[in-house]
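Here is how the chains run, residue by residue.
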2 protein chains.
Amino acid sequence: MGNSRITVREIARLAGVSVATVSRVSNGTGQVSAEMRRRVLEAIEAHGYRPDHLGRALAARKHGAVGLVFPGLSGPYFTELIQGFESEAVRAQASVHILCTHLREDSDSQVLEMARRVDGVAVLGGTVSDEALRQLASRVPVVVLAGVGPAGVPSVRAENTAAMTELTRHLLVEHGLRRLAFVGSPDGSPDVSERWAGFQAAHRELSLPDPDAPLRLGLQQQDGVLAAERLLSGQPAPEAVVCANDETALGVLVGALGRGLRVPQDIVITGFDDAPISALVSPGLTTVRQPVRELAAETARRILTASDDPIDGGPEDVLLPTELVIRHSCGCPATDNP
Amino acid sequence: MGNSRITVREIARLAGVSVATVSRVSNGTGQVSAEMRRRVLEAIEAHGYRPDHLGRALAARKHGAVGLVFPGLSGPYFTELIQGFESEAVRAQASVHILCTHLREDSDSQVLEMARRVDGVAVLGGTVSDEALRQLASRVPVVVLAGVGPAGVPSVRAENTAAMTELTRHLLVEHGLRRLAFVGSPDGSPDVSERWAGFQAAHRELSLPDPDAPLRLGLQQQDGVLAAERLLSGQPAPEAVVCANDETALGVLVGALGRGLRVPQDIVITGFDDAPISALVSPGLTTVRQPVRELAAETARRILTASDDPIDGGPEDVLLPTELVIRHSCGCPATDNP
DNA sequence: TTGAAAGCGCTACCAT
DNA sequence: ATGGTAGCGCTTTCAA
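For clarity, every value in this text was computed on a predicted model and none was experimentally measured. (Residues numbered from 1 in each chain as written. Chains lettered and ligands numbered in written order. Predicted model: local features only at pLDDT ≥ 70, side-chain atom pairs only at ≥ 80, totals over all residues. Heavy atoms only, no water.)

## Some words on the overall build of chain A
We apply this condition: Secondary structure follows DSSP: runs of H or I at least 4 residues long count as helices, runs of E at least 2 residues long count as strands, and numbering of each begins at the N terminus. Computation of the radius of gyration draws on C-alpha atoms, with the globule rule given as 2.2 Å multiplied by the number of residues to the power 0.38. For the exposure calls, accessible area comes from a 1.4 Å probe over protein chains only, and a residue counts as buried if that area is under 20% of its type's maximum, exposed if over 50%, partly exposed in between. We call two residues in contact whenever any of their non-hydrogen atoms come within 4.5 Å of each other. We score Asp and Glu as negative and Lys and Arg as positive, and we do not count His or the chain ends. Working definition for charges: the position is that of NZ of Lys, CZ of Arg, CG of Asp or CD of Glu.
Helices and strands together make up the secondary structure of chain A, namely twelve helices and eleven strands. Its C-alpha radius of gyration of 26 Å places chain A more than 25% over the 20 Å reference for a compact globule of 338 residues. A buried classification covers 55% of the 338 residues belonging to chain A. Contacts in chain A between residues at least 24 apart in sequence constitute 67% of all its contacts with a sequence separation of at least 6. Across chain A, the centroid of the 32 positively charged side chains sits 8 Å from that of the 41 negatively charged ones.

What follows is the structure, encoded as structure tokens:
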């Protein structure tokens, strides 16, 4: 019970006006005399009338909703992403549909299905096929977040490669470290792929031998713990562990500390993202700051405007800057006192 | 471009039948002759027709969507929650709207607004006021997840109190520990409140002096790091740190390890949730297993059925069992070899 | 079995 | 400034 919604027609009848006038009043469109407006408002108040979304959406041929597709992994990264996206959507009065693909096979069709219920979709890089992305883009505005899509599909991402090269160079040059291990699957996500590329580039720049193949694990903290297990048991343990993100770096940190190793004296660890916790742990995590929230917000904005303006404002890509954050886990003396 | 949807009428015209027949075919309802069906299906295939959601929803007076309201914190707990909820929703062909309240003031009105776009809402305990919950429930089916709502609003939650009492008793009796510190804000969420109650109960049962007031911090990993900082600097450091969840326990673990303390020899740490990583760290985290995913799935199921059946199947509360998981961080010898 | 037509709740155009 | 009315795309009686 309780769901006996009152309609425009009811209000119109009650206020002794036409439905058109009620619509005008409740939308603030067109011209309405003070007297009429008062009568209508009165009836609206009296019955707690709120225009039905479905009726409105059908008439406007617009859902008032946007979709967010992500793999469904945990961690501060995804939470920031969701929040950044969501906050921009509520500001635009749009609701947010989410779809966790879990990297499943049938996610392509699920994404396409989602497209029928929203005005635009943001897809995290690496979660659905380029083919699906293309089909999607033929139906609704699409933006690839943290990755690049096929031609014609715009993207919003952060600068990964150069930042990782800079970080790696810091380890190689400033700290004179060799035998760096990279943790993360380059083929798992565009972000990791670029970071791995940056890692390699630093070695190449300095004419050092190619680094070992990456330790292909996921991006979650437990993967970092696993990485520590493998890396720190192997006889020639690496001098530094360069992680694809902060989550795994924290996992490696826990693993190393748990084995009684000292960081950075016995082993150096670095991350990527600059999650809130990374500044708090000791030693503070050396990492790269990425504006995750802003990335997501920008994505939401682009989708929202694209679904409003019919003018296809060219698929212009956005690349947000990142920033190397030196703390203590790389071997530098602690500089910041939080 | 590309959004020139084809309608029932088009298909009907193309197939030389009425819209009613097209509708019957695309929904598999009613009786349609083989010949008609073939003609319709052909037209549908040929033009890739898919019935519009808005039209369908308006006619059915049903959104085909459910809402999930949560504070928007990070961590495996929320991710599991979202995933459990979402997987059950996709199975029912419903989409999921999310709303991160961030524990803001205006979240009540946002939740009410969401109610106008979905067929039912799941609200995480402690995110909106009871008053809002009541209003919400008068519009759509509502279930409180991990908490209890006002009378008339059903809830789905896990057994917290007894489990925490058992865990605390284990520390107090088996390990003979005293001076246990509790980390978490009882007034922050129903879950924490119950866990704190269980913690106190164990002390009372054993006629021990009341424990110190809880260290009121959030539920994220960084809060655990903060907790370690405060707790382990104080002169009489506690013998054990009982955390409201695994996230904070992990934070405390990192903090303790980072200060060169040994766990459990120098300090005992326990959590709650049994996150995936908790079995992996060393020492393995002693905690309480909570079926988070199942909690969310059950919540989704109840909302979905409630929004289908008009029969108000009484607000029956669900309480899922929890289980004490003894590992090594409490001082017990490591038993499981993962 | 099939089709015509009446909505679902709202907006917007076109007269008045 | 106001009201009648024609849709938006679909489902579902009700007749035929």
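## Some thoughts on the packing of aromatic side chains
Residue and element names in this part refer to chain A. Applicable threshold: In summary, the pairing rule links any two rings of Phe, Tyr or Trp, Trp by its six-membered ring, whose centres are within 6.5 Å, and it sorts them by plane angle into stacked for under 30 degrees, edge-to-face for over 60 and tilted for everything else. Whether a charge lies above a ring is judged from NZ of Lys or CZ of Arg, which has to be within 6 Å of the ring centre and within 35 degrees of the ring normal.
For the structure on display, the rule yields ten aromatic pairs over all chains. Between Phe-182 and Phe-199, the ring centres sit 5.3 Å apart and the planes meet at 45°, which makes this aromatic pair tilted. Taken together, the residues Phe-182 in strand β6 (residues 180-183) and Phe-199 in helix α9 (residues 190-205) connect sequence positions 17 residues apart. In this structure, Arg-195 is placed above the aromatic ring of Phe-272, and the distance from its NZ or CZ to the ring centre is 3.9 Å.

## Description of the protein's contact with DNA strand D
Applied cut-off: Here a residue counts as near a molecule or strand whenever at least one of its heavy atoms sits within 4 Å of it. Counted as a polar contact is a pair of N or O atoms within 3.5 Å, where, for protein atoms, one must be capable of donating a hydrogen and the other of accepting one, and residues adjacent in sequence contribute only when both atoms are in side chains. Polar here means any residue other than Ala, Val, Leu, Ile, Met, Phe, Trp, Tyr, Cys and Pro, which are nonpolar, and Asp, Glu, Lys and Arg, which are charged; Gly is therefore polar.
If you check the shell around DNA strand D, you find 26 residues, and the closest are Ser33(A), Met36(A), Val8(B), Tyr49(B) and Asp52(B). When atoms of DNA strand D within 4 Å of the protein are split into backbone and base, the sugar-phosphate part holds 65%. Contact distances for DNA strand D include 2.7 Å between a phosphate oxygen and a backbone N or O atom of Asp52(B). Every element with two or more residues in the surface near DNA strand D is listed here: α2 (19-27) and α4 (53-60) of chain A together with α1 (8-15), α2 (19-27) and α4 (53-60) of chain B. At four residues, the largest contribution of residues to the surface near DNA strand D is made by α2(A). Its residues placed into classes, the surface near DNA strand D shows twelve nonpolar, nine polar and five charged.

## Overview of empty space enclosed by the protein
To find leftover empty space, a probe the size of one water molecule is rolled over the atoms. Applicable threshold: The method works on a 1 Å grid over the protein atoms by themselves. A cavity is a set of points holding a 1.4 Å probe that cannot get out, a pocket is an open set with protein on both sides within 12 Å along at least five of seven lines, and residues with an atom within 4 Å of a point line them. Grid points are joined across faces, edges and corners, and a volume is the space filled by probe spheres set on the points.
Scanning all chains against the criterion turns up two cavities of 30 Å³ or more. The computed volume of the largest cavity comes to approximately 210 Å³. Around the largest cavity sit 16 residues that line it, and Leu54(A), His63(A), Arg117(A), Leu54(B) and His63(B) are the ones nearest its centre. Of all the secondary-structure elements, those providing two or more residues to the lining of the largest cavity are α4 and β2 (95-100) of chain A together with α4 and β2 (95-100) of chain B. Grouping the amino acids of the lining of the largest cavity by side-chain chemistry returns six nonpolar, eight polar and two charged. Estimated volume of the second largest cavity: approximately 90 Å³.

## Examining the protein's contact with DNA strand C
Taken together, 26 residues lie around DNA strand C, and Val8(A), Tyr49(A), Asp52(A), Ser33(B) and Met36(B) are the ones closest in. One nitrogen or oxygen atom from the side chain of Arg9(A) is found 3.1 Å from a base nitrogen belonging to DNA strand C. Asn27(A) places a side-chain nitrogen or oxygen 2.9 Å from a phosphate oxygen of DNA strand C. If you list the elements that add at least two residues to the surface near DNA strand C, you get α1 (8-15), α2 and α4 of chain A together with α2 and α4 of chain B. Class assignment of the residues belonging to the surface near DNA strand C gives a composition of twelve nonpolar, eight polar and six charged.

## Notes on the interface of chain B and chain A
Stated precisely, the cut-off is as follows: We define buried area as the total accessible area lost by two parts upon association, computed with a 1.4 Å probe and summed across both. Note on definitions: salt bridges are taken to be side-chain nitrogens of Lys or Arg within 4 Å of carboxyl oxygens of Asp or Glu.
Contact residues are listed per partner, giving 54 residues for chain B and 54 residues for chain A. Interface area, chain B with chain A, both sides summed: about 4,800 Å², of which 56% is carbon and sulfur. Taken together, chain B and chain A are joined by two salt bridges. When the shortest N-O distance is used, the salt bridge between Glu113(A) and Arg50(B) registers 3.9 Å. At the junction of chain B and chain A, the tally comes to 23 residue pairs in polar contact (both at pLDDT 80 or more). The set of elements that each furnish at least two residues to the side of chain B that touches chain A consists of α4, α5 (76-91), β2, α6 (107-115), α10 (221-233) and α11 (246-258) of chain B.

## Looking at the domain arrangement of chain A
Applied cut-off: For the domains described, the bounds stem from an automatic or database domain assignment.
Once the domains are mapped, chain A shows domain 1 (8-58), domain 2 (62-158 + 292-306) and domain 3 (161-289 + 323-330). For domain 1 of chain A and domain 3 of chain A, the distance between their C-alpha centroids amounts to 61 Å.

## Here's the deal with the UniProt feature "domain: HTH lacI-type" (unreviewed entry) in chain A
Our working definition: UniProt positions are given in the numbering used here, feature names are shortened, and annotations may be inferred rather than shown by experiment.
Residues annotated by UniProt as "domain: HTH lacI-type" (unreviewed entry) correspond here to residues 6-60 of chain A. Note that residues 6-60 of chain A is 71% helix and 0% strand, and that its end C-alpha atoms are spaced 20 Å apart.

## What to know about the pairing of β6(A)
Residues and elements named next belong to chain A. To keep it simple, the criterion reads: Note: two strands are recorded as paired if DSSP finds a minimum of 2 bridges between them.
In β6, alternate side chains face the same way, and those of Leu-180 and Phe-182 on one face and Ala-181 and Val-183 on the other are all buried. Of the strand pairs in this sheet, β6 and strand β7 (residues 240-243) are connected by four bridges, and their pairing is parallel. Pairing of Val-183 across the sheet is with Cys-243, part of β7.

## Notes on the relation of the copies chain B and chain A
Applicable threshold: Copy-to-copy superposition: least squares on the C-alpha atoms, limited to residues that have pLDDT of at least 70 in both copies.
When chain B is fitted onto chain A, the two copies agree to an RMSD of 0.1 Å after a turn of 180° and an axial shift of 0.0 Å. The two molecules are tied by a two-fold rotation axis, judged by turn and shift. In this assembly, 100% of the residues forming the interface of chain B have copies in chain A that are likewise at the interface, indicating an isologous arrangement.

## A closer look at the sheet that holds β2(A)
Our working rule: Structural elements are reduced to axes, namely lines fitted to C-alpha atoms, with helices fitted over the stretch in contact, and the angle between N-to-C directions of any two is expressed from 0 to 180 degrees.
Spatially, β10(A)-β5(A)-β4(A)-β3(A)-β1(A)-β2(A)-β2(B)-β1(B)-β3(B)-β4(B)-β5(B)-β10(B) is the arrangement adopted by the twelve strands of the open sheet, whose pairing is mixed. Edge positions in the sheet fall to β10 (318-320) of chain A together with β10 (318-320) of chain B, since each has one partner strand and no second. Sheet twist, expressed as the mean angle between neighbouring strand axes with direction ignored, is 20°. Contacting β1 (65-70), β2 and β3 (121-124) of chain A, helix α6 (residues 107-115) of chain A crosses the sheet at an angle of about 170° to β2(A).

## Considering helix α5 (residues 76-91) of chain A
Residues and elements named next belong to chain A. How we decide: Expected span of a helix: the number of residues minus one, times 1.5 Å.
Its 16 residues give α5 an end-to-end C-alpha distance of 22 Å, which sits within 8% of 22 Å, the value for a rise of 1.5 Å per residue. Counting buried positions over the 16 residues of α5 gives twelve, a clear majority of the element. Backbone geometry just downstream of α5 places Gln-93 in the positive-phi region, at approximately 65°.

## Some thoughts on the side chain of Asp119(B)
Residue and element names in this part refer to chain B. By secondary structure assignment, the location of Asp-119 is in the loop between α6 and β3 (121-124). Looking at Asp-119, its side chain comes within polar contact range of the main-chain nitrogen of His-63, at 2.8 Å. For Asp-119, the residues in contact, after removing those within four places along its chain, are Lys-62, His-63, Gly-64, Ala-65, Val-140, Pro-141 and Ser-307.

## A short note on the sheet that holds strand β7 (residues 240-243) of chain B
Residues and elements named next belong to chain B. Pairing within the open sheet is parallel, and its three strands lie in the order β6-β7-β8. Unpaired on one side and paired on the other, β6 (180-183) and β8 (268-270) mark the two borders of the sheet. Taken over all neighbouring pairs, the strand axes of this sheet differ in orientation by 15° on average, direction set aside. Each of β6 and β7 touches helix α9 (residues 190-205); the most contacted strand, β6, lies at about 170° to it. α11 contacts β7 and β8 of the sheet and is inclined by roughly 155° relative to β8.

## Looking at the environment of Ala162(B)
Residue position: Ala162(B) is located in helix α8 (residues 161-174). Taking the C-alpha atoms as reference points, Ala162(B) and Ala202(B), separated by 40 residues in sequence, lie 9.1 Å from one another.

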